[in-house]
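# Analysis of the macromolecular model
The residues making up each chain are set out below.
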Amino acid sequence: MATPGPEFRPTHVIPPDGLPAWEAPDVARPTDPLDALLPVQLAERRGDWAYVICSNGWAAWVDGRLLVSVPRTPPAPGQPLARTADPRPLLARAEEALNQYRRAAQDLAEGRSDGESFQQRTRGMRVGMVVDGESVWLYDAEHERWVFCDGTQLSTYAAESGPGSGTAFTGAGAAGPEPTRVTGADGPPEPTRVVTPDDAPDGRG
């Protein structure tokens, strides 16, 4: 257990549903989950994993993509506002992917292609969109995540893979990239993602 010192400054909070935690960056070593909305300070990153020091003195490894970033200090007067993610490129990619699928399905229905050709043309294609008035949810296939759009900017809604997916940090003793030490709260906010029930250890933080 690590006791936060007087310099403790939360960089994130735990999501409203709490967060699974591990003793090490290894899904085979779970520990008690962290309580909802608990302030934490990000101390180290290893791929998807994040080592956090909590305001209650506890320290653990978590999936850093699920942490809710604490807003940084607003820009001083006279400084330009921060740039937000433009939704138009992702909207255009979703439209093009849907058009490609529509053309492939039309050729299949009208006999210009067979089932094997249809499968080849649509293999690997992934597109998702939910429109509810001014609110839109888009699937970002490049980053394997869902994003929310209010018409002006994008924000991460959920990501698919578990912590360490596609990295070396999936088992005990695995080698991987050198950890990145976080020295302050000036880094970019981390995206959120959905944790499957199999990832969540029993117990309470």
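Along each chain, residue indices are assigned from 1 in the same order as the chain's sequence is written. Whole-chain, interface and lining totals are the exception, using all residues; otherwise, since this is a predicted model, local features are given only for residues with pLDDT of at least 70 and side-chain atom pairs are given and counted only at 80 or more. To obtain the side-chain values, all non-hydrogen atoms of the structure were used and water was disregarded.

Turning our eyes to something else, we now look at the packing of helix α1 (residues 88-109) against helix α2 (residues 115-122). The geometry of α1 relative to α2 is characterised by a closest axis approach of 10 Å and an angle of 180° between their N-to-C directions. On the basis of the axis angle, α1 is roughly antiparallel to α2. Between α1, through Y101, R103, A104, A105, D107 and L108, and α2, the contact on the second element is made entirely by G115, F118, R121 and T122. Class assignment for the residues of the contact of α1 with α2 results in 5 nonpolar, 2 polar and 3 charged. Axis definition: a line fitted to C-alpha atoms, over the contacting stretch in the case of helices. Angles run 0 to 180 degrees between N-to-C directions. The numbering of helices and of strands both runs from the N terminus, where a helix is a DSSP run of H or I of at least 4 residues and a strand a run of E of at least 2. Small angles under 35 degrees read as roughly parallel and large ones over 145 as roughly antiparallel, with 65 to 115 read as roughly perpendicular and the rest as oblique. Here, two residues are considered to be in contact whenever any of their heavy atoms come within 4.5 Å of each other. The residue classification treats Ala, Val, Leu, Ile, Met, Phe, Trp, Tyr, Cys and Pro as nonpolar and Asp, Glu, Lys and Arg as charged. All others, Gly included, are polar.

Within the secondary structure, R102 is located in helix α1. A simple rule labels every residue: compare its accessible area, found with a 1.4 Å probe on the protein chains alone, to the largest value its type can have, and call it buried under 20%, exposed over 50%, or partly exposed in between. R102 gets classed as partly exposed once you look at its relative accessible area, which sits at 44%. Here the alpha-carbon distance between R102 and T122, two residues 20 residues apart in the chain, equals 10.0 Å.

Turning our eyes to something else, we now look at the pairing of strand β8 (residues 129-132). Note: two strands are recorded as paired if DSSP finds a minimum of 2 bridges between them. Note: β8 against strand β9 (residues 135-140), 4 bridges, orientation antiparallel. When the bridges of β9 are listed, D132 appears paired with S135. Linkage of β8 to β9, two consecutive antiparallel strands, is achieved through a turn of 2 residues, within which G133 is found at a positive phi near 65°.

As a further point, take the pattern of salt bridges. Here, a salt bridge means any side-chain nitrogen of Lys or Arg that lies within 4 Å of a carboxyl oxygen of Asp or Glu. According to the stated counting rule, one finds 9 salt bridges in the structure shown. Residue R65 pairs with D48 through a salt bridge whose shortest N-O separation is 3.4 Å. With R65 in the loop between β6 (59-63) and β7 (68-69) and D48 in the loop between β4 (39-46) and β5 (49-54), this residue pair connects regions lying 17 residues apart in the sequence. In terms of burial, R65 and D48 fall into one category: buried. When the shortest N-O distance is used, the salt bridge between E110 and R112 registers 2.5 Å. Residue classification places E110 among the partly exposed residues on the basis of a relative accessible area of 47%. Salt bridges here are not isolated pairs; linked through shared partners, they connect D107, E110, R112 and R121.

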